[in-house]
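# Chains, contacts and geometry: an overview
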Amino acid sequence: MAKISLTVDGAQVTDDVEPRMLLVQYLRETLGKTGTVIGCDTSNCGACTVLFDGVSVKSCNVLAVQAEGHEVTTIEGLASNGELHPVQQAFHDCHALQCGFCTPGMIMRSVDLLNENPHPTEEEIRNGLEGNLCRCTGYHNIVKAVQQAAGAPATTGGAS
Ligand code: FES
Ligand code: FES
């Protein structure tokens, strides 16, 4: 076992973990943060996306021991003082989900995308989200939500 100390959603945590444990397993199974979900376990779908020192990563592609000394933010740490994060609010307003399975990862990736580029074009949003898969919405409303969160009028007109 290896001892790790890190910050998760603003709280300092210390645990003994197996060296092979994935960060997503640690978040879900040890910390109970089941808002971060596992869609594929093979770094394809993006459902497990979290912020790692402010940058989006697929947490099924990171070992828990690699998070030693770092800061991880999950979907459960995004709201503050009872207020949804603007990206969360935009996903709600734009009906950017159906089953919701992809939503935590989509939102965390979108937060990072907007940090990198606060005023992305529709194409930049679609490219930025290419590592996150949604089986329900066809992406149309997801793109609209990111545009709303960026403070831009929704321009997307296609159905996919
Ligand atoms: Fe991590 Fe799919 S569960 S990318
Ligand atoms: Fe169901 Fe995206 S809303 S997978």
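Please refer to the structure higher up on the page.
Rules of the game
Residues numbered from 1 in each chain as written. Chains lettered and ligands numbered in written order. Predicted model: local features only at pLDDT ≥ 70, side-chain atom pairs only at ≥ 80, totals over all residues. Heavy atoms only, no water. Helix = DSSP H or I, 4+ residues; strand = E, 2+ residues; numbered from the N terminus. Rg over C-alpha atoms; globule rule 2.2 N^0.38 Å. Buried < 20%, exposed > 50% of the residue type's maximum accessible area, 1.4 Å probe, protein only. Contact = heavy atoms within 4.5 Å. Areas by Shrake-Rupley, 256 points an atom, 1.4 Å probe, with all protein chains shown as cover. Lys, Arg positive; Asp, Glu negative; His and termini not counted. Charge placed at Lys NZ, Arg CZ, Asp CG, Glu CD. Pairing = 2+ DSSP bridges. Axes fitted to C-alpha atoms, helices over the stretch in contact; angles between N-to-C directions. Salt bridge = Lys/Arg side-chain N within 4 Å of Asp/Glu carboxyl O. Parallel < 35°, antiparallel > 145°, perpendicular 65-115°, else oblique. Left-handed = near helix turned anticlockwise from the far one by under 90°.

Right, let's get into the overall build of the protein. Along the protein, the regular secondary structure elements total five helices and five strands. Helices (α) and strands (β) of the protein occur, in sequence order from the N terminus, as β-β-α-β-β-β-α-α-α-α. In terms of C-alpha radius of gyration, the protein reaches 16 Å, essentially the compact-globule figure of 15 Å for 160 residues. Across its three principal axes, the protein shows a C-alpha extent of roughly 50 × 30 × 25 Å. Among the 160 residues that make up the protein, the fraction classed as buried is 44%. Pairs at least 24 apart in sequence give 53% of the contacts found in the protein among residues at least 6 apart. In the form shown here, the protein has an accessible surface area of approximately 7900 Å², with 48% of it arising from carbon and sulfur atoms. Here the protein contributes 9 positive and 18 negative side-chain charges, whose respective centroids are spaced 7 Å apart.

What follows is about helix H5 (residues 140–149). Burial runs high along H5: seven of the ten residues are buried. Along H5, the residues that are buried comprise His140, Asn141, Ile142, Val143, Ala145, Val146 and Gln147. As for H5, its buried residues are in contact with helix H2 (86–93), helix H3 (103–116) and helix H4 (122–128). Downstream of H5 by one or two residues, Gly151 has phi in the positive range, about 80 degrees.

Taken together, the five strands give an open sheet; going across it, the order is S2-S1-S5-S3-S4, and neighbouring strands pair in mixed fashion. Taken across any chain shown, the strands that pair with only one partner, and hence form the sheet edges, are strand S2 (11–17) and strand S4 (55–58). On average, each strand axis in the sheet is tilted by 40 degrees relative to the strand beside it, whichever way the strands run. With four bridges connecting them, strand S3 (residues 49–52) and S4 associate as antiparallel partners. Bridging across to S4, Phe52 finds its partner in Val55.

Its identity as a non-glycine residue notwithstanding, Asp9 has a phi of 50 degrees, on the positive side. The topology assignment puts Asp9 in the loop between strand S1 (2–8) and S2. Unusually for a residue other than glycine, Asp53 sits at a positive phi of about 50 degrees. Inspection of the secondary structure puts Asp53 in the loop between S3 and S4. Note on Asp53: relative accessible area 44%, which makes it partly exposed.

It is worth spelling out the environment of Leu51 at this point. Here Leu51 shows up in strand S3. Separated by 22 residues in the primary sequence, Leu51 and Glu29 have C-alpha atoms spaced 18 Å apart. Filtering out sequence-adjacent residues up to four positions away, Leu51 remains in contact with Ser56, Glu71, Val72, Thr73, Met108, Val111 and Asp112.

Pairing between side chains becomes possible if they bear opposite charge and their charged atoms approach one another. Here the structure, examined in full by the defined rule, presents six salt bridges. Note that Lys3 and Asp16 form a salt bridge whose closest N and O atoms lie 3.6 Å from each other. A residue pair is termed long-range when its members are at least 10 positions apart, and Lys3 in strand S1 and Asp16 in strand S2 qualify at 13 residues. Salt bridges linked by common partners bring Arg109, Asp112 and Glu116 together as one network.

Axis separation between H2 and H5 bottoms out at 8 Å; the angle between their running directions is 135 degrees. The orientation of H2 with respect to H5, classified from their angle, is oblique. The way H2 lies across H5 gives a crossing that is right-handed. Judged by residue contacts, Pro86, Val87, Gln89, Ala90, Phe91 and Asp93 of H2 engage Ile142, Ala145, Val146, Gln148 and Ala149 from H5.

Sheet analysis places S1 next to S2, joined by seven bridges and oriented antiparallel. Opposite Ile4, over in S2, you have Asp15 as the bridge partner. In this sheet, strand S5 (residues 71–73) lies alongside S1 in parallel orientation, the contact comprising two bridges. If you follow Val8 over to S5, its bridge partner there is Val72.

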